[in-house]
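A look at the structure
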Amino acid sequence: MALLDIRHLSIEIDTPRGRIKMVDNINLTLDSGEILGLVGESGSGKSLIAKVICGLVKDEWIISADRFRFNEIELLKLTPNQRRKLVGDEISMIYQDPLSSLDPSQTVGKQLMETIHFKGKWWQIFGWKKKRAIELLHRVGIKDHKDIMQSYPTDITEGEAQKVMIAMAVANQPRLLVADEPTNAMESTTQLQVYRLLSSMNKNLGTSIILVSNDMMSIHKWVDSFNVLYCGQTVEIADKETIMETPYHPYTSVLLNSVPDFSKPLPFKSRLNTLKGSVPMLQHLPIGCRLGPRCPFAQKKCVTKPPLRRFKQHEFACHFPINFREQNFLKKVEVIPVVVETVAE
Ligand code: SF4
């Protein structure tokens, strides 16, 4: 049974120029103990989805979904209090901007100890929490715990703040951890440390993790499967091996090949493997396939929206998938039906 099961999630917002759909019919499934990579360029909607899962929604967001279940609980039907309790106990988030997520008026140690739940005798609480806070800081790679515990957020670097945020997020051993670009502000050795920490939590405690990133190659070692987003829509879903060996969607292929292979000599002034243009603004989306104006394989048919198709647990939304030997093969591929009944927040 899936720990997190989201079907046809849409997030809209009312603007002076009308209603804009920021996330359009997204499906996302995560099994217990799985690590899922939620990837796409900036503006693909991945951080919005992460926030909605953790209940960090703004009043003006209009959220609807056919299904939005965490461990068989329909999250969008919970009251704000019930949702807060569930998120505090079982779901944690690591944010992109750690310094603005910490309270500048309290020491880091105090904030970290406040997040730790304690169920023993009240007179043991301070000593136990302090010990646990120090242990957590060491686990995320902070050796000088005394200095960090007494510091205020303004006295520490962004990398240190991110480590503290990770320590807070893992303090109560959540069942689901949503990590929104958790290594953004870190040097590569620290990035490795953080990914190892997340991976060990996943292996030893069975924590399921959604790893949000715009760099597929930097997280591929740590994830089991990928959900690739473009411009608020899912373009491809599959397990890691399948998607890396035979991506069907042109966008996934570009994400996988966007980093040059430095193990071979590169031709002088060779071009990076990127798509021309940039992600369109949500107010001015192209008709049909949203990748159309940037896609080197676009044809006439692409002015109609490609449905999400499934072939052996590999889902993709493209009229002319790459790595398919013959296009007639597409006729045998199942088209995933859309929308039955909707629960709305
Ligand atoms: S549907 Fe057409 S435009 Fe869209 S990704 Fe596929 S080939 Fe490219």
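Look a little higher up for the structure.
These lines cover the structure that appears in this document, whether it is placed above or below.

Rules used in this analysis
Residues numbered from 1 in each chain as written. Predicted model: local features only at pLDDT ≥ 70, side-chain atom pairs only at ≥ 80, totals over all residues. Heavy atoms only, no water. Helix = DSSP H or I, 4+ residues; strand = E, 2+ residues; numbered from the N terminus. Buried < 20%, exposed > 50% of the residue type's maximum accessible area, 1.4 Å probe, protein only. Contact = heavy atoms within 4.5 Å. Areas by Shrake-Rupley, 256 points an atom, 1.4 Å probe, with all protein chains shown as cover. 1 Å grid on protein atoms, 1.4 Å probe; cavity = no way out; pocket = protein on both sides within 12 Å on 5 of 7 lines; lining within 4 Å. Points joined across faces, edges and corners; volume = space filled by probe spheres on them. Nonpolar A, V, L, I, M, F, W, Y, C, P; charged D, E, K, R; others polar. Near = heavy atom within 4 Å. Sits in = over half its atoms within 2 Å of the grid points. Axes fitted to C-alpha atoms, helices over the stretch in contact; angles between N-to-C directions. Parallel < 35°, antiparallel > 145°, perpendicular 65-115°, else oblique. Left-handed = near helix turned anticlockwise from the far one by under 90°. Phe/Tyr/Trp six-rings, centres within 6.5 Å; stacked < 30°, edge-to-face > 60°. Core = buried A, V, L, I, M, F, W, Y, C linked by side-chain atoms within 4.5 Å.

**Concerning the overall build of the chain**
- Scanning the chain for helices and strands turns up eleven helices and 15 strands.
- By residue count, 50% of the 345 residues in the chain fall in the buried class.
- For the chain, the share of sequence-separated contacts (at least 6 apart) that also reach a separation of at least 24 residues comes to 64%.
- Of the roughly 18100 Å² of accessible surface on the chain, a fraction of 52% belongs to carbon and sulfur atoms.

**Side note on empty space enclosed by the protein**
- Applying the stated criterion to the full structure yields two cavities of 30 Å³ or more.
- Contributing to the lining of the largest cavity are 13 residues, with Cys-289, Cys-295, Cys-302, Cys-318 and His-319 lying nearest its centre.
- Classifying every residue of the lining of the largest cavity by side-chain character gives ten nonpolar, three polar and no charged.
- Of the pockets and cavities examined, the second largest cavity occupies roughly 30 Å³.
- Around the second largest cavity sit Ile-35, Tyr-195, Leu-198, Ser-199, Ile-209, Leu-211 and Trp-222, which together line it.
- Counting residues per element, the ones that place at least two in the lining of the second largest cavity are helix 8 (188–205) and strand 9 (208–213).
- Top contributing element to the lining of the second largest cavity by residue count: helix 8, with three residues.
- Taken together, the residues of the lining of the second largest cavity break down into six nonpolar, one polar and no charged.

**A short note on the environment of Glu-158**
- Relative to the helices and strands, Glu-158 resides in helix 7 (residues 158–170).
- By relative accessible area, Glu-158 is classed as partly exposed at 35%.
- Taking the C-alpha atoms as reference points, Glu-158 and Leu-99, separated by 59 residues in sequence, lie 6.3 Å from one another.

**Examining the site of the ligand**
- Not every one of the 13 residues close to the ligand is listed here, only the nearest: Cys-289, Cys-295, Cys-302, Cys-318 and His-319.
- Spatially, the ligand is embedded in the largest cavity.
- Counted by class, the shell around the ligand contains ten nonpolar, three polar and no charged residues.

**Considerations on the packing of helix 4 (residues 108–115) against helix 7**
- At a minimum axis distance of 8 Å, the contact between helix 4 and helix 7 shows a crossing angle of 20 degrees. Relative to helix 7, the element helix 4 is oriented roughly parallel. Of the two possible hands of crossing, helix 4 and helix 7 adopt the one that is right-handed. Facing helix 4, whose interface residues are Val-108, Gln-111, Leu-112 and Thr-115, helix 7 presents Val-164, Ala-167 and Met-168.
- Class assignment for the residues of the contact of helix 4 with helix 7 results in five nonpolar, two polar and no charged.

**Details of the packing of aromatic side chains**
- Throughout the structure, instances matching the rule amount to three aromatic pairs.
- Ring centres 5.8 Å apart and planes at 20 degrees place the aromatic pair Tyr-195 and Trp-222 in the stacked group. Taken as a pair, Tyr-195 in helix 8 and Trp-222 in the loop between helix 9 (216–219) and strand 10 (225–230) lie far apart in primary sequence, 27 residues in all. Residues Tyr-195 and Trp-222 agree in their burial class; the two are buried.

**Description of the nonpolar core**
- By size, the foremost hydrophobic cluster in this structure holds 55 residues, and its most contacted members are Leu-211 and Val-228.
- For this core, the leading source of residues is helix 7, giving eight residues.
- Val-228 has contacts with Val-39, Met-216, Gln-233, Thr-234, Val-235, Glu-236, Ile-243, Tyr-251, Thr-252 and Leu-255, leaving out every residue within four places of it along the chain.

**Looking at the pairing of strand 3 (residues 35–39)**
- With five of five residues buried, strand 3 is to be regarded as a mostly interior element.
- Of the two faces of strand 3, both are covered, the one formed by Ile-35, Gly-37 and Val-39 as well as the one formed by Leu-36 and Leu-38.

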